Amino acid sequence: MNIRTRKLVENDIQYLKPVLKQHIRDRDTGEVVENEVEDVISYMKGAQDAESRVRTYYVAEINDKVIGCMAYAEPDKDMRKHFGENSSKSVELLNAFVSVDHYRGKGVGKMLLKAVLHDTKSKGYEYLLVCSGPRYKQSWGFYDRFFDENTGFIKEKYGRDGDAKTWIKKL
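The paragraphs below set out a description of the structure included in this document. (Residues numbered from 1 in each chain as written. Predicted model: local features only at pLDDT ≥ 70, side-chain atom pairs only at ≥ 80, totals over all residues. Heavy atoms only, no water.)

1. What about the side chain of Asp76?
Stage number 1. Here Asp76 shows up in the loop between β3 (65-73) and α3 (77-83).
Stage number 2. Reaching out from Asp76, the side chain makes a polar contact with the backbone nitrogen of Asp78 at a distance of 3.1 Å.
Stage number 3. Of the polar contacts made by the side chain of Asp76, one reaches the backbone nitrogen of Met79; its length is 2.8 Å.
Stage number 4. Not counting residues within four places of it along the chain, the set of residues in contact with Asp76 comprises Glu51, Arg53, Glu92 and Lys157. (Helix = DSSP H or I, 4+ residues; strand = E, 2+ residues; numbered from the N terminus. Polar contact = N/O pair within 3.5 Å; in protein donor to acceptor, adjacent residues only side chain to side chain. Contact = heavy atoms within 4.5 Å.)

Take a look at the structure:
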């Protein structure tokens, strides 16, 4: 499989919207959380998030078909508190989504991560941080495999029973 990664361009968003809808679902009902999908799309278009961060996105494509994305930005306030002094030299991994037709052991997430690692290291960052809530628990093995250390949980990051597991990777 020939996976190519590159920075996102606006035309990619139309192909990523169905991918987002595959993953951004209410953890209790399984229904698509439309407002969160729209928020991510706005970030892809360059809008700032609630903490005034602008995200840098990479996409993965196979045969010119966009099948996934991964972004990074400055760590949010909870991540800065959790990681302390390391957070000033860090970026946070965000919005890691791969089409259900192409994830789980096919190398797409690994290639996206490799692109993010290369970009962030070249910009002088020292660490890549990630937190993942219970909605994405099935992806925690990916972070266990590719990050240096599991660094515990941020309690109730995503509301009641919404503890987020965290990891750090030295660049």
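2. A closer look at helix α4 (residues 108-122)
Note on helix geometry: an α-helix contains 3.6 residues per turn, so any two residues three or four positions apart are oriented the same way.
Stage number 1. The terminal C-alpha atoms of α4, which comprises 15 residues, lie 21 Å apart, in line with the 21 Å expected from a rise of 1.5 Å per residue.
Stage number 2. For α4, every residue scored as buried is listed here: Val108, Gly109, Leu112, Leu113, Ala115, Val116, Leu117, Asp119 and Thr120.
Stage number 3. One or two steps after α4, the chain reaches Gly124, where phi turns positive at roughly 90°. (Expected span 1.5 Å × (residues − 1). Buried < 20%, exposed > 50% of the residue type's maximum accessible area, 1.4 Å probe, protein only.)

3. Let's talk about the sheet that holds strand β5 (residues 127-132)
Stage number 1. Pairing in this open sheet of seven strands is mixed, and the strands run β1-β2-β3-β4-β5-β7-β6 from one edge to the other. Lying at the two open borders of the sheet, with one neighbouring strand each, are β1 (3-7) and β6 (149-154). Within the sheet, the average angular offset between the axes of one strand and its neighbour, ignoring direction, is 30°.
Stage number 2. By the bridge criterion, five bridges tie β1 to strand β2 (residues 56-62) in an arrangement that is antiparallel. If you follow Arg6 over to β2, its bridge partner there is Val59.
Stage number 3. Its contacts with the sheet place helix α2 (residues 34-44) against β2, β3 and β4 (90-98), and it is angled at close to 100° to β2. (Pairing = 2+ DSSP bridges. Axes fitted to C-alpha atoms, helices over the stretch in contact; angles between N-to-C directions.)

4. What to know about the packing of helix α1 (residues 13-23) against α2
Stage number 1. Packing of α1 against α2 brings their axes to within 10 Å, and their N-to-C directions diverge by 145°. Here the hand of the crossing between α1 and α2 comes out right-handed. Listed contacts from α2 to Ile13, Leu16, Lys17, Leu20 and Lys21 of α1 are Glu34, Val37, Glu38, Val40, Ile41 and Met44.
Stage number 2. Residues belonging to the contact of α1 with α2 are distributed by class as follows: seven nonpolar, no polar and four charged. (Left-handed = near helix turned anticlockwise from the far one by under 90°. Nonpolar A, V, L, I, M, F, W, Y, C, P; charged D, E, K, R; others polar.)

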